[in-house]
Amino acid sequence: MRMTSFRLSRAATAALVAAAALTAAAHSAEAAETADTLGSAAAAQGRYFGTAVAASHLGETDYVSTLNREFDSATPENEMKWDATEPTRGTFTFSAADQVVNHAQAQGMDVRGHTLVWHSQLPSWVGGLGAADLRSAMNNHINRVMGHYKGQIHSWDVVNEAFQDGGSGARRSSPFQDKLGDGYIEEAFRTARAADPAAKLCYNDYNTDGVNAKSTAVYNMVKDFKSRGVPIDCVGFQGHFNSNSPVPSDLRANLQRFADLGVDVQITELDIEGSGAAQADSYARVVEACLAVDRCTGITVWGVTDKYSWRSGGTPLLFDGNYAAKPAYDAVLSALGGSGGGGNPGGGTATCTATYTRTADWSSGYNGQVTITAGSEPIGSWAATLTFASPQRVQATWNAAPTWSGNVMTARPSWNGTLAAGASTSFGFTVAKNGSDAAPVVGGCTVS
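Residues numbered from 1 in each chain as written. Predicted model: local features only at pLDDT ≥ 70, side-chain atom pairs only at ≥ 80, totals over all residues. Heavy atoms only, no water.

*Asks:* Teacher, can you tell me more about the nonpolar core here?
*Replies:* One broad rule of soluble globular proteins: the nonpolar side chains tend to lie buried together. If you look at the biggest cluster of nonpolar residues, it comprises 97 residues, and the most contacted ones within it are Phe-49, Trp-156, Val-159, Phe-189 and Leu-318. Apart from the residues within four sequence positions on either side, Phe-189 is in contact with Val-158, Val-159, Leu-201, Cys-202, Tyr-203, Phe-225, Val-230, Pro-231 and Ile-232. Counting residues in each nonpolar core, the second largest holds 21 residues, with Val-370, Ile-379, Met-409 and Leu-419 among its members. (Core = buried A, V, L, I, M, F, W, Y, C linked by side-chain atoms within 4.5 Å. Buried < 20%, exposed > 50% of the residue type's maximum accessible area, 1.4 Å probe, protein only. Contact = heavy atoms within 4.5 Å.)

Structural data, given as structure tokens:
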């Protein structure tokens, strides 16, 4: 009896294992097939892809639909900062932050808490406190805010931007540093661990993306914390890039050296100024660097749409002011191993190209024309971006409906959106040179 029972158990176990393997394979195949958004593609890679969320925009249909469709993590953009949560000492307000958290939870998103201790966006009363009062206020603020959201926050930026820029590697002057000294960061992390033991505790900073004096100072602090048992689980790298501060070539190596200390690393506030192929390439390189580091757990872009970005003039995000996916979006989705995407909601392989020519020229201005050509499949609509040199001004357009973000024009069809495979249409514009004869930079064409 025992032998028969044992053999049947082994057979049943084998069947269960086989069934589980088939189920896992099916789920894997399903995940691959549905990885057509940023969040789903990142999840298939074992990461999250999030965005900063502003409560004030949650009543806008396009904002919410893009947020809900594309992202699986949310960071309150300003709603959890000290001036928003404790504007007067001991009086806490969480209504705006609750809106973001409640919306995220309703959509099944994780939430990153941002931020508890930071020198900026502090109400004036904090800076006026003496050392003893400041220590009490700091710990009380951490306890009250984390206590309100206990069990609801995936990762907290416990301390933000505590180090100086430049080559000194020194701490930044702030009420906390100046009155409490170097130990305030450790104290904040220990207080935070007690306040919510389940939350990941992060240090977050900017201009630390590559190996430099500032990032090395942070590295040394984290190494010291890990050696002494100070609770720190993750380090956030903000990732605010532009032509003067491009994506560093050693981003991956820098992320890896922090991961080797035994902490997770996260890209926390990514935005890259620019447009077209150059911007797309920069975004792809950041994603590839994260994917190459096992402990890089996710990426957050700092906003949904260019029109609400804190750097809106630099058009730094993945969706333009009308929520059309930009070439950078396609590059990120591709780097994550996804397919389809926001530039082509139908999920097919339709593409288009945009080429520019100058059709007339005179001393004070010129006429330009952009030709839109469909790829191997028909398209229902298109969008093209052009960046004009300052101080040029576009005085008129035809055969397109333009919208603007700074000096970047996004053109969409006014009547000529539907194109057969290989067919073309064009739109034009008149530009006042205002001393600049530069040609506009075409950022590319997306099927929208």
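*Asks:* Honestly, the environment of Arg-228 in this entry has me stumped. Any pointers?
*Replies:* Assignment of secondary structure puts Arg-228 in helix α10 (residues 213-228). In contact with Arg-228, not counting residues within four places along its chain, are Glu-186 and Arg-190. One polar contact links Arg-228 to Glu-186, side chain to side chain, over a distance of 2.7 Å. (Helix = DSSP H or I, 4+ residues; strand = E, 2+ residues; numbered from the N terminus. Polar contact = N/O pair within 3.5 Å; in protein donor to acceptor, adjacent residues only side chain to side chain.)

*Asks:* How should I be thinking about the packing of aromatic side chains in this particular structure?
*Replies:* How two aromatic rings sit relative to each other is set out by the distance from centre to centre and by the angle between their planes. According to the stated counting rule, one finds 16 aromatic pairs in the structure shown. Pairing Phe-189 with Phe-225 gives two aromatic rings, centres 6.2 Å apart and planes at 65°, and the pair type is edge-to-face. Here the residue Phe-189 occupies a position in helix α9 (residues 183-195), and Phe-225 occupies one in helix α10, the gap between them amounting to 36 residues. With relative accessibility at 4%, the residue Phe-225 sits in the buried group. Between Tyr-356 and Phe-429, the aromatic rings sit 6.2 Å apart at their centres with planes inclined by 10°, giving stacked as the arrangement. Of this pair, Tyr-356 sits in strand β10 (residues 352-362) while Phe-429 sits in strand β16 (residues 424-432); the two residues are 73 residues apart in sequence, bridging distant segments of the chain. By relative accessible area, Tyr-356 is classed as partly exposed at 21%. Since its relative accessible area comes to 0%, Phe-429 is described here as buried. The ring of Tyr-206 carries Lys-214 above its face, with NZ or CZ at 3.7 Å from the centroid. (Phe/Tyr/Trp six-rings, centres within 6.5 Å; stacked < 30°, edge-to-face > 60°. Lys NZ or Arg CZ within 6 Å of the ring centre and 35° of its normal.)

*Asks:* Looking at this structure, I do not really get the pattern of salt bridges. What am I missing?
*Replies:* Inspection of every chain in the model, using the stated rule, returns 23 salt bridges. The salt bridge partner of Asp-133 is Arg-89, with a shortest N-O separation of 3.6 Å. Of this pair, Asp-133 sits in helix α7 (residues 131-148) while Arg-89 sits in the loop between α4 (82-85) and α5 (95-106), and the two are 44 residues apart along the sequence. On the accessibility criterion, Asp-133 (39% relative accessible area) is partly exposed. Judged by relative accessible area, which is 39%, Arg-89 ranks as partly exposed. Note that Arg-358 and Asp-361 form a salt bridge whose closest N and O atoms lie 2.6 Å from each other. Linked by salt bridges that have partners in common, Glu-186, Arg-190, Asp-224 and Arg-228 make up one network. (Salt bridge = Lys/Arg side-chain N within 4 Å of Asp/Glu carboxyl O.)

By themselves, these figures tell us nothing about what the structure is for.
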